[in-house]
Amino acid sequence: MFENKIIKNLNNQLNLEYFTSKLYLEMSFWCDIKNLKNANIFFQNSSNDELKHMNKIFKFLCDINVLPIINSNISLNINFNSLLNVFKKAYINEKKITRNINYISNISLKYKNYKIFHFLKWYILKQIKEEKILKTIIDNLIFFNNNQKDILIFDNLFLSKYI
Ligand code: OFO
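To start, this report covers the structure provided alongside it. On a predicted model such as this, the values are computed, not experimentally measured, just so you know.

Some points on the packing of helix α1 (residues 2-33) against helix α2 (residues 37-63)
Look at α1 against α2: their axes get within 8 Å of each other, and the N-to-C directions meet at 165°. Here α1 is positioned roughly antiparallel relative to α2, judged by the angle of their axes. The two elements α1 and α2 meet at a crossing, and its hand is left-handed. Considering only residue class, the contact of α1 with α2 consists of 14 nonpolar, 10 polar and 3 charged.

Observations concerning the environment of I74
Checked against the element boundaries, I74 lands in the loop between α2 and α3 (83-110). A C-alpha to C-alpha distance of 6.6 Å links I74 and F19, two positions 55 residues apart in sequence. For I74, the residues in contact, after removing those within four places along its chain, are Y18, F19 and K22.

What to know about α3
Between its first and last C-alpha atoms α3 spans 41 Å; for 28 residues at 1.5 Å apiece the expected length is 40 Å, and the two agree. Considered for burial, the residues of α3 that qualify are L83, V86, F87, A90, N93, E94, I97, I101, I104 and S108. Buried-residue contacts for α3 involve α1, α2, α4 (114-142) and α5 (148-158). Just beyond α3, the residue with positive phi is K112, at close to 55°.

Considering unusual backbone geometry
At N35, a residue that is not glycine, the phi angle is positive and equals roughly 60°. Looking at where N35 falls in the secondary structure, it is placed in the loop between α1 and α2. Judged by the 12 C-beta atoms lying within 10 Å of it, N35 is exposed. The phi dihedral of N65 is positive, around 65°, even though this residue is not glycine. By the element assignment, N65 lies in the loop between α2 and α3. Taking the C-beta count within 10 Å as the criterion, N65 has 6 such neighbours and is therefore assigned exposed.

What counts as what
- Per chain, the residues get numbers from 1 upward, laid out in the order the sequence is written.
- This being a predicted model, a pLDDT of at least 70 is required before a residue's local features are given, and a value of 80 or more before pairs of side-chain atoms are given or counted; all residues contribute to the totals for chains, interfaces and linings.
- Working convention: axes come from line fits to C-alpha atoms, limited for helices to the stretch in contact. Angles between N-to-C directions cover 0 to 180 degrees.
- Strands are runs of DSSP state E lasting at least two residues, helices are runs of H or I lasting at least four, and both sets are numbered from the N terminus onward.
- The cut-offs work like this: below 35 degrees is roughly parallel, past 145 is roughly antiparallel, 65 to 115 is roughly perpendicular, and the gaps in between are oblique.
- The hand of a helix crossing depends on one turn: near helix anticlockwise from the far one by less than a right angle means left-handed, and clockwise means right-handed.
- For this scheme, ten residues count as nonpolar: Ala, Val, Leu, Ile, Met, Phe, Trp, Tyr, Cys and Pro. Four count as charged, namely Asp, Glu, Lys and Arg, and the remainder, Gly too, count as polar.
- Once C-beta atoms have been placed from the backbone, residue pairs whose C-beta atoms lie within 7 Å are recorded as contacts.
- In a helix, the anticipated span is given by 1.5 Å times the number of residues less one.
- Around each residue's C-beta, the other C-beta atoms within 10 Å are counted; 20 or more make the residue buried, 12 or fewer make it exposed, and counts in between make it partly exposed. All C-beta atoms are placed from the backbone.

What follows is the structure, given as structure tokens:
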């Protein structure tokens, strides 16, 4: 019974990774339209990474004989008004992912489900890195104050380090 609760949350995490992949793809399209070449690549790569995160959970659930359930009715409904705004939304989303991973880790430890806890360790460490990159980009973007010319320079010179 406890295992069901943990698995339900793990399945939710799978769908959150799926949602995030779509969100980052949408962000890459927005960057493309704004001619932000590196930001576009950054979010395309991120979108692909999130699919890998989803598939990793998918495979794990299958390995423990659980059939994953994918929520295909994901609606994004998000507006972006600047590159800073895009990165802030990505950062907020990663914080949500971290909270969810921590929550599942907590309950798996509480109910002594060590296999799931062990599986989640990779995600715990990954989130530290993801949040750090996004926070660094946001802190640097704030200096550019949404000036279109400077944002293009930022995209060319700074973001190339992260793709
Ligand atoms: Fe998979 O959440 Fe970002 O990395």
